[in-house]
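Coordinate inspection notes
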Number of protein chains: 2
Amino acid sequence: MRYSEMFLPTEREVPSDAEVISHQLMLRAGMIRKLSAGVYCYLPLGYRVIRKVEQIIREEMNRAGAQEVFLPMVQPAELWQESGRWEHYGKELLRFRDRHDREYCLGPTHEEVITDLVRHELKTYRQLPKNLYQIQTKFRDEIRPRFGVMRSREFGMKDAYSFDADEEGAEISYSKMFEAYKRIFSRCGLKFRPVEADSGTIGGSFSHEFMVMADSGEDGLVFCSSCSYAANLEKAEVHPPEKENLDAVEELPLTEVHTPDIRTIEEVCAFLGVSPREIVKTMIFSADGKPVAVLVRGDEEVNEIKVRNYLGCDELELAMDDMIEAITGAPRGFAGAVGLRGRIIADNTLINMRNVVMGANKEDYHLRNANPGRDFQIEAFADLKIARETDDCPRCGKALSFARGIEVGHVFKLGTKYSKAMEAVFLDRNGKEQTMIMGCYGIGTGRTVAACIEQNNDENGIVWPMPIAPFHVIITPVNMNDSALAEAAERLYGSFAAGGFEVLLDDRDERAGVKFKDADLIGIPIRVTIGPKKLAEGKVEIRLRDTGEVTAVPLEEVENYIRKLISGKMNLENSGSAGSE
Amino acid sequence: MRYSEMFLPTEREVPSDAEVISHQLMLRAGMIRKLSAGVYCYLPLGYRVIRKVEQIIREEMNRAGAQEVFLPMVQPAELWQESGRWEHYGKELLRFRDRHDREYCLGPTHEEVITDLVRHELKTYRQLPKNLYQIQTKFRDEIRPRFGVMRSREFGMKDAYSFDADEEGAEISYSKMFEAYKRIFSRCGLKFRPVEADSGTIGGSFSHEFMVMADSGEDGLVFCSSCSYAANLEKAEVHPPEKENLDAVEELPLTEVHTPDIRTIEEVCAFLGVSPREIVKTMIFSADGKPVAVLVRGDEEVNEIKVRNYLGCDELELAMDDMIEAITGAPRGFAGAVGLRGRIIADNTLINMRNVVMGANKEDYHLRNANPGRDFQIEAFADLKIARETDDCPRCGKALSFARGIEVGHVFKLGTKYSKAMEAVFLDRNGKEQTMIMGCYGIGTGRTVAACIEQNNDENGIVWPMPIAPFHVIITPVNMNDSALAEAAERLYGSFAAGGFEVLLDDRDERAGVKFKDADLIGIPIRVTIGPKKLAEGKVEIRLRDTGEVTAVPLEEVENYIRKLISGKMNLENSGSAGSE
């Protein structure tokens, strides 16, 4: 491709409305343009990268035995009513009526459609397993779309759905996808980690997220450097402490203390001269509309996902003032377990609590020396807090590491959630009707590209990994008016293109500095600079975008030199390896 | 791919709700399934064909210098209001509101979006020309979707848009697309014709449709066997007859005839003893709400497209009863030119009319011997009728041929329709602001596949042309329980796959007859049959789907034999040729 002909509008200025670096660089490098809130156009440079990611996904899905289909974006309401999601999905599901006043939605995902297709066509165990995937546009009407294509409303996704006759089969299907995902992200040249993820309240199911490691990532993740444990922060388990023998610790008398204008943990500590570890926070939640008090130590935070899963409820939110007042008899900010009317559960960290400070359920008062058993009853202890640096690995007990990442893929064992609701059944070996076991597996294509940029950039722009770079090579003659340079550039361009390299020739009549800046911004891995001095020696300069390393290479060796560079960076070799960092 | 593992549900029965053969066969061959009215799922076999068509399109668009982008499906109302189409598009434009109550539509086409993108990024003549294309899902809320993916609501389309600095440039862009389309449909293995098409009332613009020839086609087309003239029936021009000297033909007295219960041309002919050529039909139209009478000879039909273009109106429809009565003074069915209040235009065929029969503008009466000039005034003669077998080629005067076809592609010189409305301007060489000249170019991908089936089928199923066949070869061991046959099949399967053929191994435990029927139904060009008798001689049978020709080929020669068969049928050679029939 000739730069002069390409639709590649680069920008020097950092766009004011782009917060994260990938969004800024995708705009500046002319990869995307915004059409509407959370809705983007891909320009040629951006779409080249998307297509490369799609191709890698396609190859690995096919290798894993999945078959490509293409399902509609416009989906009838009836199917969503059957699965129950028409009611539950909320406003992210964009709904509309067609000219005949029939209700439809824009597909945010395709469980309903694929289950409908499969239940009509697969009837016996002999036709199972099946894994069907597509690469397709989805729409989720996010309330606050942001970060460019990282969290957009319209977005590209590979989604796959597996159907198995039994649990063992479903686990094999799951692990095939897990391995395929490792190969996909390795082949894309990404540093990533699969982590255990929350799978909600579906019994017996499990789930992993594939995280691209990036400090700018929205998601926290936790991993053990000693064993293979890794999970996202929401899911990360915390081992309960040893149960101590508290017989020797005297239960001191419960005391009410007047604590005017004292609300935060820090204020309570300072006022009462205690450490946060001696305080118990009482958080009141509304679980499917009913109040539940959750106790955690003053230095810990409640993990709402864990609470929701423990309670098995659909909706969990912090209680409103009226609910708090109803069960504590006091305004927000003074809740405590003593005298509280309702269920109380506590985080494992509190199993050895004695003589603790907590709210008094009375405005401007706290209690000292509250003790479970004597002063209040705890229904159960469970793992209800967010993991943090002071916690140990739940598997091996060694230190945990914390990092940030961007979720680019998700594998999920669905079980029979959809197949049961929609009656996707088959006849087993004995002629008995059984419900299919499903899995679903997603990769955000635009998100993968954005995450790649978050992980691979410097102050000058994007630094593409070779496998998904929009071009392998950019040829930069420093002056197009110098006919010797221009001719050498054209010759190399012709031979590179004939040799199968993806090459961009910067044939613009621009200053060398402008060309270098654009080449860095759009992040092409290899730049071939053609300048008068080196050319007089029969050489060109080859500069690597990632290391900045420059090598002068004789003209006759350039093609071979670059061929080796490219194949060395294509990650095809290590695509079979474990695939994480 | 192994047939036993593939999601390929074939059906013996002709589906009752499928009218056309391509729809029937796509359902029966397990290529598509209906999700909702005009909304289809592509199954693996169907999507393989779609992807092949897309790949050919992509290669030829890139070769022609077009650049691939990917534009949103969800489009903001504002852009459509700017172009004026929000008002004019009607109910086919599916409109909805997002959660913030902003108005959007599902893109039925992308002129607005691409023009918006380009006007923000292209500022000078140096950045022109540009041609941007995408392959993407569209939605048109057709009132009566039918014929499967041939006329569906959600459908795949390649759409390209060119932007030029001047008319000459726009014509070059147009002709590049014209040539690219010829190559695309040739490479797909289709028999097709580009025909002149109506381009509406946009001055100075032109348009061609690419028609796949098929007797079942919805569109009529006209072509000259002597010269290169070809047009769709709507557009097909008719040469005016020679102006005769009518001095010798006496104008007979105008006579009113009572014609009770006589309405059709046939009835008038029989009653009055005249031929249809002696009768003039007076058709009353409402053109943008105003009445216009169009006269055509009794044996001809009015071409409404020609009338609309002649009048330069936006909306043309047959007048309602009240309008007819207002200008004729009589109920529907008795209109005539004599005494009619309003504009009268006439088809060229009537330039030599004298002493004709027409309605009397009076219930149950006709006139004999009506004559223009004496009895009524004609504003103008023009080409306003539908071409038919008795007409000659408008270019060379030789006989015209008529055929039916399916429109699979359309190239259209838009001119400044959108760029003017949306102010897509640039600075020319002299620093003067100019409006870009646009073209748009579409190919329906699903429609191309369906049209291909309409053109290539027999009583047993689909007969794929090699270039877009879902598989090149199917290997059919007649009995999977015969281990010698099964092993030979597996060996061939392995060597074919390694050799780069796309091969389907029918490893199902089914009777040979069932396998043969399915192979024919899904239309794989080459079937390799492995049976005990021939295998004992070290041979297999190769059967061609199109001709039914069977050849016994020694095992060691099979791979080479098939390689030659495939490459001979790939249409790569003739992809450079003129490309029509």
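This is a predicted model, so every value here is computed, not measured.

**A word on the overall build of chain A**
Counting its regular elements, chain A contains 15 helices and 31 strands. For chain A, the spread of C-alpha atoms along the principal axes amounts to about 95 × 65 × 50 Å. Taken over 581 residues, chain A has a buried fraction of 58%. Surface accessibility of chain A: about 23900 Å² in total, with carbon and sulfur atoms responsible for 47%.

**Details of the domain arrangement of chain A**
All names here are of chain A. Each assigned domain of chain A is listed here: domain 1 (21-237 + 401-454), domain 2 (255-382) and domain 3 (471-568). The gap between the C-alpha centroids of domain 1 and domain 3 is 39 Å. On the side of domain 3, five residues touch domain 1, which itself brings six residues to the contact. Approximately 550 Å² of surface area, both sides summed, lies buried where domain 1 meets domain 3, with 63% of it carried by carbon and sulfur atoms. Of all residues in domain 1, Leu-45, Arg-48 and Lys-52 give up the largest surface area on contact with domain 3, accounting jointly for 67% of the area buried on that side. Counting every contact that joins domain 1 to domain 3 gives two salt bridges. Of the charged contacts, one joins Arg-48 and Glu-502 as a salt bridge, the two residues approaching to 3.4 Å between their closest N and O atoms. Counting across the interface, domain 1 meets domain 3 through two residue pairs in polar contact (both at pLDDT 80 or more). Sorting the residues of the side of domain 1 that touches domain 3 by element identifies α1 (21-28) and α2 (44-63) as the ones contributing at least two each.

**Notes on helix α6 (residues 167-187) of chain A**
Across its 21 residues, α6(A) extends 30 Å between first and last C-alpha, which sits within 8% of the 30 Å expected from 1.5 Å per residue. Once α6(A) ends, the next one or two residues include Gly189(A), with phi positive near 85°.

**Here's the deal with the packing of helix α12 (residues 483-498) of chain B against helix α15 (residues 558-568) of chain B**
All names here are of chain B. In contact at an axis separation of 11 Å, α12 and α15 are set at 45° when each is read in the N-to-C sense. Relative to α15, α12 is oriented oblique. Crossing geometry of α12 relative to α15 is assigned as right-handed. Contacts between α12 and α15 involve Leu-492, Ser-495 and Phe-496 on the former and, on the latter, Val-558, Glu-559 and Ile-562. A class-by-class count of the residues in the contact of α12 with α15 yields four nonpolar, one polar and one charged.

**Looking at the sheet that holds strand β18 (residues 356-359) of chain B**
All names here are of chain B. Ordered in space as β13-β19-β18, the three strands form an open sheet in which the pairing is antiparallel. The open sheet terminates on both sides in strands that have one partner only, identified here as β13 (255-258) and β18. Strand-to-strand twist across the sheet, computed as the mean angle between neighbouring axes with direction ignored, equals 30°. For β13 and strand β19 (residues 365-370), the ladder comprises four bridges, and the chain directions are antiparallel. Bridge pairing links His-258 to Tyr-365 in β19.

**Overview of the interface of chain A and chain B**
Facing the 55 residues of chain A at the interface are 55 residues of chain B. Together, the buried faces of chain A and chain B total about 4800 Å²; carbon and sulfur atoms form 61% of this surface. For the pair chain A and chain B, the interface holds four salt bridges. The partner of Arg153(A) in a salt bridge is Asp98(B), and the shortest N-O contact between them spans 2.8 Å. For the interface between chain A and chain B, the tally reads 24 residue pairs in polar contact (both at pLDDT 80 or more). Those elements that provide at least two residues to the side of chain A that touches chain B are β1 (32-36), β2 (39-42), α2, β3 (67-68), β4 (74-76), β6 (103-106), α5 (111-121) and β7 (130-139) of chain A. Element by element, the count of residues in the side of chain A that touches chain B is highest for α2(A), at five residues. Here the side of chain A that touches chain B is built from residues that sort into 31 nonpolar, seven polar and 17 charged.

**Observations regarding the environment of Ser495(B)**
All names here are of chain B. If you trace the backbone, Ser-495 turns up in helix α12. Classification of Ser-495 as partly exposed rests on a relative accessible area of 26%. On a C-alpha basis, the gap between Ser-495 and Ala-326 in space is 79 Å, while along the polypeptide they are 169 residues apart.

**A few points about the relation of the copies chain A and chain B**
Of the transformation superimposing chain A on chain B, the axial component is 0.0 Å and the angular component is 180°, with the fit at an RMSD of 0.2 Å. Overall, the copies show the geometry of a two-fold rotation axis. Considering only C-alpha atoms, the part of chain A nearest the rotation axis is Phe96(A), at 3.0 Å. Taken as a fraction of all interface residues of chain A, those also at the interface in chain B reach 100%, which identifies the copy contact as same-surface.

**Brief notes about unusual backbone geometry**
Phi is mostly negative for residues that are not glycine, and the peptide bonds are mostly trans. Looking along the chain, the bond that leaves Leu128(A) and enters Pro129(A) is cis, with omega of -5°. You will see that Asp288(B), though not glycine, has its phi angle at about 50°, which is positive. Looking at where Asp288(B) falls in the secondary structure, it is placed in the loop between β14 (280-287) and β15 (290-297). Given a relative accessible area of 42%, Asp288(B) falls into the partly exposed group. For Asp364(B), which is not glycine, the phi dihedral falls at a positive 65°.

**A closer look at the state of the cysteines**
Going through the model one piece at a time under the given rule, you end up with zero disulfides over all chains. Cys105(B) forms no disulfide, and the closest cysteine sulfur to it belongs to Cys41(A), at a distance of 13 Å. In this structure Cys440(B) is not part of a disulfide, and its nearest cysteine sulfur, from Cys105(B), lies 16 Å away.

**Notes on the packing of aromatic side chains**
Applying the stated rule across the entire model yields 27 aromatic pairs over all chains. An angle of 55° between the planes, with centres 5.3 Å apart, marks the rings of Phe178(A) and Phe210(A) as tilted. Here Phe210(A) lies in strand β10 (residues 207-213) and Phe178(A) lies in helix α6, a separation of 32 residues in the sequence. Its relative accessible area of 17% is what places Phe178(A) among the buried residues. Judged by its relative accessible area of 0%, Phe210(A) is buried. Ring centres of Tyr181(B) and Phe185(B) lie 6.1 Å apart, and the angle between their planes is 85°; on these two criteria the pair is classed as edge-to-face. Here Phe185(B) and Tyr181(B) lie together in helix α6 (residues 167-187), a separation of four residues that amounts to about one turn. Like Phe185(B), Tyr181(B) is buried.

**Regarding empty space enclosed by the protein**
All names here are of chain B. Tallied over the entire structure, the rule returns one cavity of 30 Å³ or more. In this structure, the largest cavity occupies an estimated 30 Å³ of space. Of all the elements in the fold, those that place two or more residues in the lining of the largest cavity are α13 (512-522) and β29 (526-530). A breakdown of the residues in the lining of the largest cavity according to their chemical character gives five nonpolar, no polar and four charged.

**Structural notes on the nonpolar core**
Phe96(A), Leu106(A), Ile114(A), Phe96(B), Leu106(B) and Ile114(B) are the most contacted members of the largest nonpolar core, which has 77 residues in total. The residues contacting Leu106(A), other than those within four sequence positions of it, are Met73(A), Val74(A), Leu93(A), Leu94(A), Phe96(A), Phe139(A), Val74(B), Phe96(B) and Leu106(B).

**A few points about the sheet that holds strand β4 (residues 74-76) of chain B**
Residues and elements named next belong to chain B. Within the open sheet, the three strands sit side by side as β4-β6-β5. Their pairing is antiparallel. Only two strands of the sheet have a single partner each, and these edge strands are β4 and β5 (95-97). For this sheet the average axis-to-axis angle between neighbouring strands, irrespective of direction, equals 40°. Direction of pairing for β5 relative to strand β6 (residues 103-106): antiparallel, over a ladder of three bridges. Counted as the bridge partner of Arg-95 is Cys-105 from β6.

**Regarding α15(B)**
Residue and element names in this part refer to chain B. For α15, the complete set of buried residues consists of Val-558, Ile-562, Leu-565 and Ile-566. An end-on view of α15 places all buried positions within 95° of arc, on one side of the element. What points out from α15, more than 90 degrees from its buried face, is the exposed set Asn-560, Lys-564, Ser-567 and Gly-568. On its buried face, α15 sits against β27 (473-477), α12, β29, β30 (539-544) and β31 (550-554).

**Side note on the side chain of Thr115(A)**
You can see Thr115(A) is positioned in helix α5. When sequence neighbours within four positions are dropped, the list of residues in contact with Thr115(A) reads Phe163(A), Tyr418(A), Ser419(A), Met422(A), Ala424(A) and Met438(A).

**Some thoughts on the pairing of β2(A)**
Residue and element names in this part refer to chain A. Burial of the side chains of β2 extends over both faces: Val-39 and Cys-41 are buried on one face and Tyr-40 and Tyr-42 on the other. Note that β1 and β2 share four bridges and pair antiparallel. Its bridge partner lying in β2, Ile-32 is registered against Tyr-42. Here β1 hands over to β2 after two residues, with Gly-38 in that stretch at a positive phi of 70°.

Quick notes on the rules
- Residues numbered from 1 in each chain as written.
- Chains lettered and ligands numbered in written order.
- Predicted model: local features only at pLDDT ≥ 70, side-chain atom pairs only at ≥ 80, totals over all residues.
- Heavy atoms only, no water.
- Helix = DSSP H or I, 4+ residues; strand = E, 2+ residues; numbered from the N terminus.
- Buried < 20%, exposed > 50% of the residue type's maximum accessible area, 1.4 Å probe, protein only.
- Areas by Shrake-Rupley, 256 points an atom, 1.4 Å probe, with all protein chains shown as cover.
- Domains from an automatic or database assignment.
- Contact = heavy atoms within 4.5 Å.
- Buried area = accessible area lost by both parts, 1.4 Å probe.
- Salt bridge = Lys/Arg side-chain N within 4 Å of Asp/Glu carboxyl O.
- Polar contact = N/O pair within 3.5 Å; in protein donor to acceptor, adjacent residues only side chain to side chain.
- Expected span 1.5 Å × (residues − 1).
- Axes fitted to C-alpha atoms, helices over the stretch in contact; angles between N-to-C directions.
- Parallel < 35°, antiparallel > 145°, perpendicular 65-115°, else oblique.
- Left-handed = near helix turned anticlockwise from the far one by under 90°.
- Nonpolar A, V, L, I, M, F, W, Y, C, P; charged D, E, K, R; others polar.
- Pairing = 2+ DSSP bridges.
- Least-squares fit on C-alpha atoms with pLDDT ≥ 70 in both.
- Disulfide = S-S within 2.5 Å.
- Phe/Tyr/Trp six-rings, centres within 6.5 Å; stacked < 30°, edge-to-face > 60°.
- 1 Å grid on protein atoms, 1.4 Å probe; cavity = no way out; pocket = protein on both sides within 12 Å on 5 of 7 lines; lining within 4 Å.
- Points joined across faces, edges and corners; volume = space filled by probe spheres on them.
- Core = buried A, V, L, I, M, F, W, Y, C linked by side-chain atoms within 4.5 Å.
- Arc of directions from axis to C-beta.

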